[in-house]
Amino acid sequence: MKLYRRTFLASAATVAAPSIVRAQGDAPIRIGEINSYTAVPAFTVPYRNGWQLAVEHVNAAGGVLGRKIEVVSRDDAGKPADAIRLAGELVNDQKVDLLAGGFLSNVGLAISDFARQDRKLFVAGEPLTDALVWDKGNRYTYRLRPSTYMQAAMLIDDAVKLQAKRWVTVAPNYEYGQSAVKWFKLLLAAKQPGVEFVGEQWPALGKIDAGATVAALAENKPDAIYNVTFGADLTNFVRQGNTRGLFEGKGVVSVLTGEPEYLDPLGNETPTGWIVTGYPVNSVSDPANKAFIDAYMAKYKEQPKMGSVVGYALINAIVAGIKKTGSVDSEKMADGFAGSSFATPFGSADWRAIDHQSTLGTYVGKTALKDGKPVMVDWHYVSGADALPSDAEVKKMRPA
Amino acid sequence: MGFVLVQFLTGLASASSLFLVAAGLTVIFGVTRVVNFAHGSLYMLGAYLGWTILSRLPGGPAWFAGGVVLAGLGIAAVGVLIEVLLLQRIYKAPELLQLLATFGVVLVVQDLVLKLWGPNDLTLSRPPWMRSFVQIAGERMPFYDLLMIGIGPLVLLALWLLFTRTRWGTLVRAATQDREMVAALGVDQRLLFTTVFALGAGLAGIGGALALPDGSANGQMDLTAITDAFVVVVVGGLGSLPGAYLASLLIALLQAFGIVLLPKITLVLVFVVMAVVLVVRPNGLLGRKLTLARGEANTLALVRPAEPALRWLGVAALLLAVWAPWFVGPFALSVMTEMLVAMLFAASLHVMMGPGGMPSFGHAAWFGLGAYGAAFAVKGLALSMPAALVVAPFGAALAALVFGGFVVRLSGVYLAMLTLAFAQIVWAVMFQAVSVTGGDNGILGVWPAGWASNPRVFYWLTLAICVACVLVLRRALYAPFGYALRATRDSALRAEAIGLNAGSLRLVALVIAGAAAGLAGGLAAFSKGSVFPTYISIDRSVDALVMVLLGGVQSMAGPVVGALAYTGLFDMLLMVTDLWRLVLGLSIIALVLVFPQGIAGTTYRLWLRGREA
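Residues numbered from 1 in each chain as written. Chains lettered and ligands numbered in written order. Predicted model: local features only at pLDDT ≥ 70, side-chain atom pairs only at ≥ 80, totals over all residues.

Along its length, chain A carries twelve helices and 14 strands. A compact globule built from 400 residues would reach a C-alpha radius of gyration of about 21 Å, and chain A, at 22 Å, matches this within 12%. Each principal axis of the C-alpha distribution contributes one length, and for chain A these read about 75 × 45 × 35 Å. Counting the 400 residues in chain A, one finds 60% classified as buried. (Helix = DSSP H or I, 4+ residues; strand = E, 2+ residues; numbered from the N terminus. Rg over C-alpha atoms; globule rule 2.2 N^0.38 Å. Buried ≥ 20, exposed ≤ 12 C-beta atoms within 10 Å, placed from the backbone.)

Quick look at the overall build of chain B now. Of the regular secondary structure elements, chain B holds 26 helices and six strands. For 613 residues, the compact-globule formula gives about 25 Å, and the C-alpha radius of gyration of chain B, at 25 Å, lands near that figure. Expressed as lengths along the three principal axes of its C-alpha atoms, the size of chain B is roughly 70 × 60 × 50 Å. Burial analysis of chain B (613 residues in total) assigns 58% to the buried set. In chain B, of all internal contacts separated by at least 6 residues, the share reaching a separation of at least 24 is 80%. (Contact = placed C-beta atoms within 7 Å.)

Once that is clear, we can look at the sheet that holds strand β8 (residues 224-227) of chain A. Residue and element names in this part refer to chain A. The strand order across the open sheet formed by seven strands is β7-β6-β8-β9-β10-β13-β14, and the pairing between neighbours is mixed. On the outer flanks of this sheet lie β7 (196-201) and β14 (373-382), each paired with one strand and no other. Between one strand axis and the next, the sheet turns by 25° as a mean value, whatever way the strands run. Examined bridge by bridge, strand β10 (residues 275-278) and strand β13 (residues 362-370) share four bridges and lie antiparallel to one another. (Pairing = 2+ DSSP bridges. Axes fitted to C-alpha atoms, helices over the stretch in contact; angles between N-to-C directions.)

Residue-level contacts link 62 residues of chain B with 67 residues of chain A. Only α1 (2-32), β3 (139-142), α11 (241-261), α14 (330-353) and α24 (558-576) of chain B provide two or more residues apiece to the side of chain B that touches chain A. Counting residues per element, the side of chain B that touches chain A draws most heavily on α1(B), at seven residues. Residue composition of the side of chain B that touches chain A, by class: 24 nonpolar, 25 polar and 13 charged. (Nonpolar A, V, L, I, M, F, W, Y, C, P; charged D, E, K, R; others polar.)

Residue and element names in this part refer to chain B. Position of Ala509 relative to the elements: it lies in helix α22 (residues 502-528). When the C-alpha atoms of Ala509 and Ala317 are compared, they prove to be 28 Å apart, with 192 residues separating the residues in sequence. Not counting chain neighbours up to four residues away, the residues in contact with Ala509 comprise Val351, Met352, Gly356 and Leu485.

This part is about the nonpolar core. Ranked by size, the top nonpolar core spans 353 residues in total, and within it Met274(B), Met343(B), Leu344(B), Ala374(B) and Met417(B) carry the most contacts. Once residues lying within four places of it in the same chain are set aside, the contact partners of Ala374(B) are Ala388(B), Leu389(B), Val391(B), Ala392(B), Val446(B), Gly522(B), Ala525(B) and Phe526(B). (Core = buried A, V, L, I, M, F, W, Y, C linked by C-beta atoms within 7 Å.)

Once that is clear, we can look at the sheet that holds strand β2 (residues 69-75) of chain A. Residue and element names in this part refer to chain A. With respect to topology, five strands assemble into an open sheet ordered β2-β1-β3-β4-β5, the strand pairing being parallel. With one partner strand each, in any of the chains shown, β2 and β5 (141-143) form the two edges of the open sheet. Across the sheet, the mean angle from the axis of one strand to that of its neighbour is 25°, orientation sign disregarded. Strand direction decides the pairing type here: strand β3 (residues 98-101) and strand β4 (residues 122-124), joined by three bridges, are parallel. When the bridges of β4 are listed, Leu99 appears paired with Phe122. Strands in contact with helix α1 (residues 41-60) are β1 (29-35) and β2; relative to β2, the strand with the most contacts, it is inclined by about 165°.

A separate point is the pairing of strand β12 (residues 347-350) of chain A. Regular strands place side chains that alternate from one sheet face to the opposite one. Residues and elements named next belong to chain A. Inspection of the sheet shows strand β11 (residues 341-344) paired to β12 by four bridges, in the antiparallel sense. The partner of Ala343 across the bridge, within β12, is Ser348. Counting the residues that bridge the hairpin from β11 to β12 gives two residues.

The next point concerns unusual backbone geometry. A positive phi angle, near 55°, is found at Leu65(A), a position not held by glycine. Among the structural elements, Leu65(A) can be located in the loop between α1 and β2.

Residues and elements named next belong to chain A. When its domains are assigned, chain A resolves into domain 1 (29-147 + 286-361) and domain 2 (149-283 + 363-392). Among the secondary structure elements, those contributing two or more residues to the side of domain 1 that touches domain 2 are α1 and α10 (306-325). Element by element, the count of residues in the side of domain 1 that touches domain 2 is highest for α10, at three residues. A class-by-class count of the residues in the side of domain 1 that touches domain 2 yields twelve nonpolar, nine polar and two charged. (Domains from an automatic or database assignment.)

With 23 residues, helix α6 (residues 143-165) of chain B should reach 33 Å at 1.5 Å per residue; the first-to-last C-alpha distance of 32 Å fits that figure. Buried residues of α6(B): Tyr144(B), Asp145(B), Met148(B), Gly152(B), Val155(B) and Leu159(B), and no others. Buried residues along α6(B) sit against α6 (210-219) of chain A together with α1, α5 (128-131), β3 and α11 of chain B. (Expected span 1.5 Å × (residues − 1).)

Residue and element names in this part refer to chain A. As paired elements, β13 and β14 share eight bridges and run antiparallel to each other. Each bridged residue has a counterpart across the sheet, and for Lys370 the counterpart in β14 is Lys373. Taking the residues between adjacent antiparallel strands as the criterion, β13 and β14 are bridged by two residues, where Asp371 takes a positive phi near 55°.

What follows deals with the packing of helix α2 (residues 80-93) of chain A against helix α3 (residues 105-118) of chain A. Residue and element names in this part refer to chain A. Orientation of α2 relative to α3, taken along the N-to-C sense of each, is 40°, at an axis distance of 9 Å. As judged from the angle between their axes, α2 and α3 are oblique. Taken as a pair, α2 and α3 cross one another with a handedness that is right-handed. On α3, the residues touching Pro80, Ala83, Ile84, Ala87 and Val91 of α2 are Asn106, Val107, Ala110, Ile111, Phe114 and Asp118. Here the contact of α2 with α3 is built from residues that sort into nine nonpolar, one polar and one charged. (Parallel < 35°, antiparallel > 145°, perpendicular 65-115°, else oblique. Left-handed = near helix turned anticlockwise from the far one by under 90°.)

This brings us to the domain arrangement of chain B. Residue and element names in this part refer to chain B. Split into domains, chain B comes out as domain 1 (2-280) and domain 2 (333-543). For domain 1 versus domain 2, the distance between C-alpha centres works out to 33 Å. At the junction of the two partners, domain 1 supplies 16 residues and domain 2 supplies 16 residues. Those elements that provide at least two residues to the side of domain 1 that touches domain 2 are α10 (221-236) and α12 (269-280). Sort the elements by how many residues they give to the side of domain 1 that touches domain 2 and α12 lands first, with six residues. Looking at the side of domain 1 that touches domain 2 residue by residue, the class counts come to 14 nonpolar, one polar and one charged.

To continue, consider the environment of Ile149(B). Summarising the element assignment, Ile149(B) is placed in helix α6. Between the C-alpha atom of Ile149(B) and that of Arg540(B), which follows or precedes it by 391 residues, the distance is 36 Å.

Residues and elements named next belong to chain A. Relative to the assigned elements, Ala313 resides in helix α10. A residue is classified by how many C-beta atoms lie within 10 Å of it, and Ala313, with 25 of them, is buried. Distance from Ala313 to Ala349, taken between C-alpha atoms, is 9.5 Å for residues 36 residues apart in sequence.

In structure tokens:
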């Protein structure tokens, strides 16, 4: 598809202009950012803080390729169709050099398909679906966060250590929940032959009937529970589970629960000893994390959340890719990003050439209560590179 | 056995929660006939206000009860504000306009809550008594759930006493039957309506606050609550309190046991229940056939073809639209393409709502089926784009034909809710059949054929198809078919008497509307390059409803004007402000107050008045 120059002055005869010729000079590099600001504020507000901080840092350090960076941000209202229209606006009217953002998987996929069609780079931040880089991956799409597969894979070693035989699963009834359960079952069965999945619950997202769900799970008499619910559903689930004693004497493995966005609302009801992925913001002490947390708290007077890390790392990852490419030409960036390394609050990560997934990892640890506040303990960082399937398997899933 | 008992009790507790929200909605509808879309927002506000109050109080049961009642009173006050400032001004407006106004309130409240309480879920720390449990048959049953089991029937009893044993209740029931007579007897109806609305709002507020110990106050609870509440109210029978309780029991118990047998049924269960109940009992479990309260009926003016001046205006707009691609950029063009699709979508709903007299809360079903039909045709059957654009309307029309038979037997809100049930069932199928539809990740790569991939060409194609279809719809409505359809709407009895078959006329209207919406969906699929279950979601159905009501039901130009205005406003606001919900909500409220007959309807009326004078 060709790009059209917007022109009010020119006569009706003006037709296609081959591409936008712009004075490169010192005009800022424009990043078109789309996210579900109104639909998922608990994640996106800290996320916006994160990328704003990163933009400040990058520009204070002189920008990239001698140019400042500038983010043009849009709210997709949680709907893929609106995200596509806004992507068009950002590319055609705002003349952004690349697209970025996304929270919901379907919005991420919609923008990535737009990017493929329009030959524009799209750097996805949060969307977790495996399809984004694997079976629906394309050369213009990169993704930062560890995917659903990776989140499940990171938990497997600890899940095996529980030596539990009878498992039940509870996950929100949509693609993310389904994938998270599917991978966990496959990976666990491979590592621990003889494991049994004796029950499953699929509450509708945001509508969990927690009492009935908890009782139904308990009725399966499991040794261990795998949980994928998050947000408001998780709070309801934990409260009913606590009162009804569902978690007592059982191992629980839970995806994303250690992220402050989802852990904090559990308050003093946080069950202890759940094996979770997340972000132990209270106890990380390495220089990269410290520097980020200090800068964030100085600016926003509150602790960063996982969204903040994603926002911050997203900008760094884009800047590093542009730097390595040496240009903001879409075709060049689509190749050039691969193999570049970028700094994140969690340490350095790379863009993989094979599937455009970043190797940003996350923390795996246990939930605990400290002074009545939920925290993560006994955590360790798992690099994304250690939670991915073999290259051969990736190649099989990803279209050429 | 212990499990069955505990699950049964758990179901009873959920039933009470459902009933508390639904009770307020059914009370308000029963008396004022207002379809209060903002009822979920009142519930959410109740939770947030409850959190603010209860997190400052000591944790004892008495303090808790006091705090909940206080939250209820606070929300009752909010209800009074909404009723006095907004609804009171539009009771005389056409049916369902109040729904549009309360939709504006929903948007405003969402942004207000975000501004006032912040983005994080708010949880109440539970004191020990709330965490305690009772051993029943070897299983733990939360003490708080046992309390909830009692609260539902208690509220039901209290409301029953209020309506049957007090003077106020008697007057309210009288006003429900015959507003003019009550007014003639010197009773201030306004005050009655305001107090009823306050009561309903207060119940929603109490429901929200009582939900806190089991979960959190969060920004999504409004829409979750409103769908559930509507389902309960409709299944129970509009305006019937015992019916609402019975429906709550039915749904909660089916849910509690349903998820044990079929864990994945969660998405669709309540809507299947509603569909079955409405098919078997068209007025809900305990509802009576709705009769218009005297003094409420508004005879509709016959909508005549537009005056020549207006037609020339339409021709001018069309010429401008044809010429537009030469002077607007590609993004503006994509917005205009979207507006055209919205126009056809709204016009198709108008066929049902206006001349057909069949309001639909689930019109997105046909739109979505068209979009999915086109996507399957291209991706699954490898058909060309033109062929897919033929498949889209036929697929949707076929579904409308099959399902329409059940729909057209119903009327009013029951009919609207049955269409919603169908839309939700379709949505759930698309959502859950991941291997065929990709689930919520949708179907990608449905881009236009090579010859139409140029945005201008696709725009012209869309323009040609949408305008042609809207004109055909208009033509049909001025043909004998359209007049016959309107006859069945205005007086079913007389229409039958002169030999019109109301059922089949309405069915044909539904099929035509379904086909047009399906075509709009097919075009949307190609313009966006992808199809998602959001195309069938309640949001999408509400969009259509808002467009038609905003433009004006009783006007042929209404849906066109409404679609252009709403899509334009929404698309623009989304780009320029974070607070787009607040601004959009306030705009809708302002438009409702300024144009009670819809933008096109009111403008046309004013224009006529000027000419007659």
